[in-house]
Amino acid sequence: MTLTVKAFIKEFKSQFQSMYAYSYKEGSTEQLYNALGLYIKNYLSRNWKETKEDYVENSVKQVYYFSMEFLPGRQLESNAYNLGLLDTIKEGLNEMGMSLEELEEAEADPALGNGGLGRLASCFMDSLASLGVPGNGNGIRYQYGLFKQKFVDGYQVELPENWLRYRNVWETRNDKSTCMVKFGGNVWLEKNHLGYMEAKYENTLNVLAVPYDTPMVGYRNNVVNNLRLWSAEIPVEEEENYHTLEATEPIKEITQVLYPDDSNYEGRLLRLKQEYFMVSAGVQSILRHYKKYNLPRKNIPDKVAIHINDTHPALVIPEMMRILLDEEHLSWEQAWEITFKTCSYTNHTILREALEKWPIDMMKDLLPRIYMIIEEINQRFVDTTAPIYGDRITWQTAILQNGVVNMAHLAVIGSHSINGVAKLHTEILMEDVLKDFFELYPERFNNKTNGITQRRWMHLANPGLTRLLDEKIGEEWKKNPSELKVFKGFEQDEKTIKELAKVKFENKQRLADYIEELQGIKVNPKAIFDVQIKRLHAYKRQHLNMLHILYRYLDIKENPSKDFVPRVFIFGAKAAPSYMYAKQIIKVINSLAELINNDPDVGDKLKVVFFENYGVSLAEKIIPAADISEQISLASMEASGTSNMKLMANGALTLATLDGANIEIKDFVGEENMFIFGLSSKEVYELKAAGNYNSKGIYESNEKLRHTLDALTNDTIPGLNGEGYAVFDSLVNYNDEYFVLKDFESYIKAQEKVDALYRNTDEWTRKSLLNIASSAPFSADYTIKRYADDIWKVKQHSEQKDSVQPLDEPLT
Ligand code: 26V
């Protein structure tokens, strides 16, 4: 049944009135937004209920995606869109004198993740529902999301992100499905009267896990899956023991705040508590739900797939063992077979300092029973591996090593599938990071290149482009992204090229207006919009970008009559609060921006915009307006990248090293339609192995580079307090860990090619068109299809009229 505008207006008014007891005309933007959100939630509730019932009635296999992070972005527009209500609602609101855009700004953007890993989880949730795959998310309902970033004198300052302040209309608290999670205390095994070994506990800290469920709406297919986020509370029956606010702290803090450091592992007790809390509640709730299927326990892997998103939820493995052993009284062998067949693991980073290793003593104290089980998993692993493969490899792959629990090893040993997130990354796992495991279990390793949801990142973020595509190639691409390739046929069509250029220009104009409104910087929409948006990290090399800007600035100053192609450099990046070097890079970029943007000699030739508080909502504004996508990590370091895919799909040309998924972008769009520079991953490995890298030598021998680097320390950039020296020192005196200086020259050359091509607008736009038309393989729908088929063995349950088609050149 389709909703008419008239019916919508009537129902919306009554929704508002029932919530606030006055007319919508008196409502604040927040109230109107809340009413609209709840209206949409009511509208979808029937599908939500029926989807759940359908899964149980048909005993279908379900996936549970366990992730410490989700970055869903705002949900009002995307839910309305997926339900097919967007146009009706927009029209209805207009008739009532409001606009959707205005109400949408009142929605909090839940920053329950750090970056790529969390956003990937949310793209996957969207694709699962849209493909009709029975799939659920399992995570934490952090009361405070990733910090809000402000710049004060160019320095990053962190503020709390209280995203729940005005309530969250999308969630449903589900008191019926709470679980108890136990920490600490003493535990021992005792034979009970039936002769089973039973685990006995004393003096534990008992924490109530309360689930908040959020609907994950499929694209026009009546499917609504579930995202379950857990919140920690005091158990009702223990309330009398918690007399003071202070006493409640150890419980409340568990789900209070997201850890903001995604690049440097620290063995913090609270983080381990968070991980176990989420895992234990999730596994308990799955096994409880499984009972509804009335099947023997040995069939669990036929009906349940649990995915471990990075090692953070790897305690799923011992937790599942614990329940099957202690509560279901299975034998070790039976429990292990079930657990192993149920679990699969994705690795998202090769950064050694980000790999989780928990001190054994900490694990023992906090999770005594879990530690006992890990010890046994480790012992059995050692006992079976050593006789066949020898001591060296066994020692290197053991879970317990040098007083720590190696979580990646636990995840690999307990999972039937291990995957990386781009071709190169998976190769690096097999040849380097997890090399020994690849020798033990080659059959477990596979690649699943990341993807993005076109619904959010094209259809909704870029309506101009979407209209153009609909007009040129029909609407089929929206259900079946591989149809995007039809757009290639318009490569030589002058009219289409002009129209595409116009779409981009309008997007840039809109972003330019926004920049002026937000930061007071006037940028020329005809300039190249050059975008680098991602977490700030030395390996991602925002400072290489900065050096090029500085180089260009000096060039403008020294050659005032030279003809420059105007450029606007756009950054969005948060640095982990404790990551000093990353924060120093932010400060240098901000001070450099201040200098450049206010220098009358520069004018339109160069501008630098560093957005505060980068996140999903900002990305939606920036990406459609980008001309250049900066993907300049040191080759081998970036597991995949996903902003590269979003930018490409919106017609930006990629300026990249051959790292992560940039390699696949090259394979699909062709080298001639992007700008590649720098060392290859192989060269990086060789250079590291040779051990003779000498950044100071490069500094001394390259005049251009020396001139640029010297500007960091000779007062060219006002307002710095040693940050220029810090960057200079790390690059010149501490031998430049990420080979920035080594790649500098070839980066500058690539940037010159960018300028040259941009002078030829049609040629540029033609390449832009080819990028859009080649972006289909990076649809998360395809990625999810491959996870579902190869790893989880789950089917697209709901009848799909337009199920995902195989690609011409499938990614493997
Ligand atoms: C690591 C840690 C370390 C312990 C403390 C908290 C914390 C939080 C997050 C992380 C995850 C870092 C891994 C990550 O985000 N990897 C990114 O994953 C993207 C999706 O696969 C991929 O595109 C990026 O290349 C990769 O850097």
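Think of each chain on its own: its residues are numbered from 1, step by step along the sequence as written. Two thresholds apply to this predicted model, a pLDDT of at least 70 for residue-level local features and 80 or more for giving and counting side-chain atom pairs, whereas whole-chain, interface and lining totals are computed over all residues. With hydrogens and water excluded, all non-hydrogen atoms of the structure serve as input to the side-chain values.

Per an unreviewed UniProt entry, the protein goes by the name Alpha-1,4 glucan phosphorylase and belongs to Alkalibacterium kapii. UniProt positions are given in the numbering used here, feature names are shortened, and annotations may be inferred rather than shown by experiment. Regarding the protein, the relevant UniProt record gives this comment under Catalytic activity (unreviewed entry): "[(1->4)-alpha-D-glucosyl](n) + phosphate = [(1->4)-alpha-D-glucosyl](n-1) + alpha-D-glucose 1-phosphate". UniProt, in the comment section headed Cofactor (unreviewed entry), describes the protein in these words: "pyridoxal 5'-phosphate".

A separate point is unusual backbone geometry. The phi dihedral of Ala21 falls on the positive side, at around 60 degrees, and the residue is not glycine. In this structure, Asn735 is a non-glycine residue whose phi angle is positive, near 60 degrees. Along the chain, Asn735 falls in the loop between helix 30 (723-733) and helix 31 (740-758). The rule is simple: take the accessible area with a 1.4 Å probe, protein chains only, and divide by the maximum for that residue type; under 20% is buried, over 50% is exposed, in between is partly exposed. Among the residues examined, Asn735 registers a relative accessible area of 32% and is labelled partly exposed. Comment: elements are numbered from the N terminus, with helices defined as DSSP H or I runs of at least four residues and strands as E runs of at least two.

Let us now look at the sheet that holds strand 21 (residues 628-631). Here, any two strands with at least 2 DSSP bridges between them count as paired. Pairing within the open sheet is parallel, and its six strands lie in the order 20-19-18-21-22-23. On the outer flanks of this sheet lie strand 20 (606-611) and strand 23 (675-676), each paired with one strand and no other. Pairing geometry for strand 18 (residues 528-533) and strand 21, over two bridges, is parallel. Counted as the bridge partner of Val531 is Ser629 from strand 21. Packed onto the sheet, helix 23 (residues 580-597) meets strand 19 (567-572) and strand 20 and runs at close to 140 degrees relative to strand 20. The strands touched by helix 32 (residues 761-773) are strand 21, strand 22 (653-656) and strand 23; relative to strand 22, the strand with the most contacts, the crossing angle is about 85 degrees. Any two residues whose heavy atoms approach within 4.5 Å at even a single point are treated as in contact. Fitting a line to C-alpha atoms yields each axis, with helices limited to the stretch in contact; the angle taken between N-to-C directions then spans 0 to 180 degrees.

Before going further, it helps to spend a moment on the sheet that holds strand 14 (residues 400-401). Either a parallel or an antiparallel arrangement is found when strands of a sheet pair, and the pairing is made through backbone hydrogen bonds. In spatial order, the strands read 13-15-14; together these three strands make up an open sheet with antiparallel pairing. Lying at the two open borders of the sheet, with one neighbouring strand each, are strand 13 (357-359) and strand 14. In the sheet, strand 14 pairs with strand 15 (residues 404-406) via two bridges, with the strands oriented antiparallel. Looking at the pairing, Gln401 lines up with Val404 of strand 15.

This part takes up a nonpolar patch on the surface. Taken together, the side chains of Leu189, Met197 and Met372 present a nonpolar region at the surface, about 240 Å² in accessible area. Mapped onto the elements of the fold, Met197 is located in strand 8 (residues 197-202). What goes into a patch is any residue over 30% in relative accessible area without a salt bridge, connected to like charges within 9 Å or, for nonpolar side chains (Val, Leu, Ile, Met, Phe, Trp, Tyr), within 5 Å. Here the open area of atoms and residues is found with the Shrake-Rupley method and a 1.4 Å probe, where only the protein chains shown may cover a residue. Any Lys or Arg side-chain nitrogen found within 4 Å of a carboxyl oxygen on Asp or Glu counts as a salt bridge.

Working definition: rings of Phe, Tyr and Trp (its six-membered ring) pair if their centres are within 6.5 Å, and the pair is stacked with planes under 30 degrees apart, edge-to-face with planes over 60 apart, and tilted otherwise. Under the defined criterion, the tally for this structure stands at 26 aromatic pairs. Members of the aromatic cluster, connected to one another through ring pairs, are Tyr65, Phe124, Tyr787 and Trp792. Of note, Arg141 hangs over the ring of Tyr212, and the distance from its end group to the ring centre comes to 3.8 Å. Geometrically, a charge over a ring is one whose NZ (Lys) or CZ (Arg) sits within 6 Å of the ring centre while staying within 35 degrees of the ring normal. The lysine or arginine in question, Lys646, covers the ring of Trp457, its NZ or CZ lying 4.6 Å from the ring centre.

Let's shift gears to the pairing of strand 19. Of all the six residues making up strand 19, six are buried; the element is thus mostly covered by neighbouring parts of the structure. By the alternation rule, side chains of strand 19 split into Arg567, Phe569 and Phe571 and Val568, Ile570 and Gly572, which are all buried. Two elements, strand 18 and strand 19, share six bridges in a ladder whose sense is parallel. The residue bridging Ile528 from the neighbouring strand is Arg567, located in strand 19. Handedness of the β-α-β unit built from strand 18, helix 22 (residues 542-558) and strand 19 comes out right-handed. The pairing of strand 19 with strand 20 spans six bridges and is parallel. What sits directly across from Val568, in strand 20, is Lys607. Crossover handedness for the path strand 19 to helix 23 to strand 20: right-handed. When the strands point away from the viewer and the connection leading from the first strand across the helix to the second strand turns clockwise, the crossover is called right-handed.

Residue ranges labeled as domains rest on an automatic or database domain assignment. What the domain assignment reports for the protein is domain 1 (59-74 + 109-447) and domain 2 (493-774). One C-alpha centre belongs to domain 1, the other to domain 2; they are set 36 Å apart. Facing 35 residues of domain 1, the contacting portion of domain 2 comprises 40 residues. Here a polar contact is recorded for every N or O atom pair within 3.5 Å, except that within protein the pair must consist of a potential hydrogen donor and a potential acceptor, and residues adjacent in sequence are included only if both atoms are side-chain atoms. Counting across the interface, domain 1 meets domain 2 through 15 residue pairs in polar contact (both at pLDDT 80 or more). Looking at the side of domain 1 that touches domain 2, the elements with two or more residues in it are helix 6 (116-131), strand 3 (148-152), strand 4 (155-159) and helix 16 (423-433). Ranked by residues supplied to the side of domain 1 that touches domain 2, first place goes to helix 16 with five residues. When its residues are assigned to classes, the side of domain 1 that touches domain 2 shows 13 nonpolar, 10 polar and 12 charged. Under the scheme applied here, ten amino acids are nonpolar (Ala, Val, Leu, Ile, Met, Phe, Trp, Tyr, Cys and Pro), four are charged (Asp, Glu, Lys and Arg), and all others, including Gly, are polar.

It is worth spelling out the pattern of salt bridges at this point. Close approach of charged atoms allows side chains of opposite charge to pair. This structure, assessed with the given rule, holds 52 salt bridges. Across the pair Glu376 and Arg380 runs a salt bridge, and its minimum N-O distance is 2.8 Å. Taken together, the residues span about one helical turn, with Glu376 and Arg380 both in helix 13 (residues 368-389) at a distance of four residues. Relative accessible area serves as the criterion here: at 32%, Glu376 is assigned to the partly exposed category.

What follows covers the nonpolar core. Put simply, buried Ala, Val, Leu, Ile, Met, Phe, Trp, Tyr and Cys residues joined by side-chain atoms within 4.5 Å make one nonpolar core. Counting 239 residues, the largest nonpolar core has Leu315, Met363, Ile570, Leu709, Leu712, Leu741 and Trp792 as the members making the most contacts within it. A domain split of this core shows at least three residues from each of domain 1 (59-74 + 109-447) and domain 2 (493-774). For Leu741, the residues in contact, after removing those within four places along its chain, are Leu547, Tyr693, Ser695, Ile698, Tyr699, Leu705, Leu709, Leu731, Val732 and Asp736. Judged by nonpolar contacts, the second largest core, of 36 residues, contains Phe16, Ile40, Leu93 and Leu100.

Relative to the helices and strands, Lys498 resides in helix 21 (residues 494-519). Lys498 sits in the partly exposed class, given a relative accessible area of 45%. Lys498 sits 357 residues away from Arg141 along the chain, and the two C-alpha atoms are 47 Å apart.

Turning next to the site of the ligand. Nearness of a residue to a molecule or strand requires only that one of the residue's heavy atoms be within 4 Å of it. As a matter of local geometry, the ligand sits amid 19 residues, with His348, Asn450, Glu638, Ser640 and Gly641 nearest to it. In the model, an oxygen atom of the ligand is placed 3.4 Å from a nitrogen or oxygen of the Ala639 main chain. Within the backbone of Ser640, a nitrogen or oxygen atom sits 3.0 Å from an oxygen atom of the ligand. Within the complex, the protein chains bury 94% of what would otherwise be the 590 Å² of accessible surface of the ligand. If you tally residues by element for the shell around the ligand, the top one is helix 6, at three residues. The residue makeup of the shell around the ligand includes at least three contributed by each of domain 1 (59-74 + 109-447) and domain 2 (493-774).

Close contact between helix 29 (residues 703-710) and helix 31 brings their axes to 10 Å; oriented N to C, the two are set at 105 degrees. Considered as vectors, helix 29 and helix 31 are oriented roughly perpendicular to each other. Residues Lys704, Leu705, Thr708 and Leu709 of helix 29 lie in contact with helix 31, whose contacting residues are Leu741, Phe744, Glu745 and Ile748. Here the contact of helix 29 with helix 31 is composed, by residue class, of five nonpolar, one polar and two charged. If an angle is under 35 degrees, it is roughly parallel; if it is over 145, roughly antiparallel; if it lies from 65 to 115, roughly perpendicular; otherwise it is oblique.

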